[in-house]
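Each chain, letter by letter, is given below.
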Amino acid sequence: MAAQPDLFDPREEGGLVAGVDEAGRGPLAGPVYAAAVILDPARPIEGLDDSKKLTAGRREHLASLIRERALSWAVAHASVEEIERLNILHATMLAMQRACLELSRAPALILVDGNRLPKGLPCRARALVGGDAREPAISAASILAKTARDACCLELHARYPHYAFDQHKGYGTALHLARLAEFGPCPEHRRGFAPVRRLL
């Protein structure tokens, strides 16, 4: 559903806020991941930013700090089968919902990167366009989601080394498209995506 303007911020009264973001909407293969993070104001983490602006090494370092210092965090995904069945937007919303419901602490507000909100969230929520660069909890979620998906792509590379998932992480790069043309889709390719569908 579309987000509505909402200025409610429970932090002014000591309430908890969770940030939510996804990784992997655009790639041609693999699950889509989402993370939810409730940061601890007493244990700040320097250098949080949109995961796309960070190097892989910096993301891994920050992900470790987030898992250590956050009050609560969760990572979830939606499978390739769910992406095919629901479409990528709804599968992304499902992964976000799952991450929120897996938090060990109950937030009073959930801030979601983007302009849409998942259904079935356990509390009030607000969408923030560009939130991964504006809200530290969303930045933290983007880092956890991205590092989790990158780890998944390394597992895919071990299973299907000829596609070079370790290099392109499933995105439609020239290398990936060339390997797709040479070997055809593997079970982890999203058949609803046009570059894959054309090869079926």
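About the cut-offs
Per chain, the residues get numbers from 1 upward, laid out in the order the sequence is written. Given that the model is predicted, a residue must reach a pLDDT of at least 70 before its local features are reported, and side-chain atom pairs must reach 80 or more before they are shown or counted; all residues, however, enter totals for whole chains, interfaces and linings. Side-chain numbers come from the whole structure's heavy atoms, not from hydrogens or water. UniProt positions are given in the numbering used here, feature names are shortened, and annotations may be inferred rather than shown by experiment. Any two of the Phe, Tyr and Trp rings considered here, Trp counted by its six-membered ring, make a pair once their centres fall within 6.5 Å; the pair's planes then place it as stacked at under 30 degrees, edge-to-face at over 60, or tilted in between. Residue exposure (1.4 Å probe, protein chains only): buried if accessible area is under 20% of the type maximum, exposed if over 50%, otherwise partly exposed. For the purposes of this entry, the term helix denotes a DSSP run of H or I that reaches at least four residues, the term strand denotes a run of E that reaches at least two, and both are numbered from the N terminus. One bridge is not enough; two strands pair if DSSP finds at least two bridges between them. We define a salt bridge as a contact between a side-chain nitrogen of Lys or Arg and a carboxyl oxygen of Asp or Glu at a distance within 4 Å. We call two residues in contact whenever any of their non-hydrogen atoms come within 4.5 Å of each other. A 3.5 Å cut-off defines polar contacts: any pair of N or O atoms within that distance qualifies, except that in protein one atom must be a possible hydrogen donor and the other a possible acceptor, and neighbouring residues in sequence count only when both atoms are side-chain atoms.

The protein chain appears in an unreviewed UniProt entry as Ribonuclease HII from Castellaniella ginsengisoli. Per UniProt, the comment on the protein chain under Function (unreviewed entry) is "Endonuclease that specifically degrades the RNA of RNA-DNA hybrids." A UniProt comment under Subcellular location (unreviewed entry) is attached to the protein chain, and it reads "Cytoplasm".

Peer 1: Please clarify how the packing of aromatic side chains should be interpreted in this entry.
Peer 2: The final tally for this structure, using the stated rule, is three aromatic pairs. Plain terms: the ring middles of Tyr-160 and Tyr-163 are 6.4 Å apart, the flat faces sit at 70 degrees to each other, and that makes the pair edge-to-face. Assigned by exposure class, Tyr-160 and Tyr-163 land together as buried. Geometrically, the ring pair formed by Tyr-163 and Phe-165 is tilted, given 5.8 Å between the ring centres and 40 degrees between the ring planes.

Peer 1: What exactly am I supposed to notice about the pairing of strand E3 (residues 72-78) here?
Peer 2: The side chains of a regular strand alternate, first on one face of the sheet and then on the other. Residues of E3 alternate between two faces, with Ser-72, Ala-74, Ala-76 and Ala-78 buried on one and Trp-73, Val-75 and His-77 left unburied on the opposite face. Note: strand E2 (residues 32-38) against E3, seven bridges, orientation antiparallel. Each bridged residue has a counterpart across the sheet, and for Ala-35 the counterpart in E3 is Val-75.

Peer 1: Looking at this structure, I do not really get the pattern of salt bridges. What am I missing?
Peer 2: Pairing is possible between side chains of opposite charge, provided their charged atoms come close. Scanning the model with the defined rule gives eight salt bridges in all. For Lys-146, the salt bridge goes to Asp-150, with nearest N and O atoms at 3.1 Å. Of this pair, Lys-146 and Asp-150 both sit in helix H5 (residues 136-159), four residues apart, which is roughly one turn of that helix. With respect to burial, Lys-146 and Asp-150 carry one shared label: buried. A salt bridge links Glu-188 to Arg-159; the shortest N-O distance between them is 3.6 Å.

Peer 1: Where do I start with the UniProt feature "binding site: a divalent metal cation" (unreviewed entry) in the protein chain in this structure?
Peer 2: As recorded in UniProt, the sites labelled "binding site: a divalent metal cation" (unreviewed entry) are Asp-21, Glu-22 and Asp-113. The largest pairwise C-alpha distance within this set of annotated residues, which runs over 93 residues, is 8.0 Å, so the set is compact in three dimensions. Secondary-structure assignment places Asp-21 in strand E1 (residues 17-23). With a relative accessible area of 3%, Asp-21 lands in the buried category. When near neighbours in sequence (up to four residues on either side) are disregarded, Asp-21 contacts Tyr-33, Ala-34, Ala-35, Met-96, Asp-113, Asp-132, Ile-138, Ala-141, Ser-142 and Ala-145. Relative accessible area serves as the criterion here: at 22%, Glu-22 is assigned to the partly exposed category. The residues contacting Glu-22, other than those within four sequence positions of it, are Val-32, Tyr-33, Ala-34, Thr-92, Met-96 and Ala-145. Reaching out from Glu-22, the side chain makes a polar contact with the backbone nitrogen of Gly-24 at a distance of 3.5 Å.

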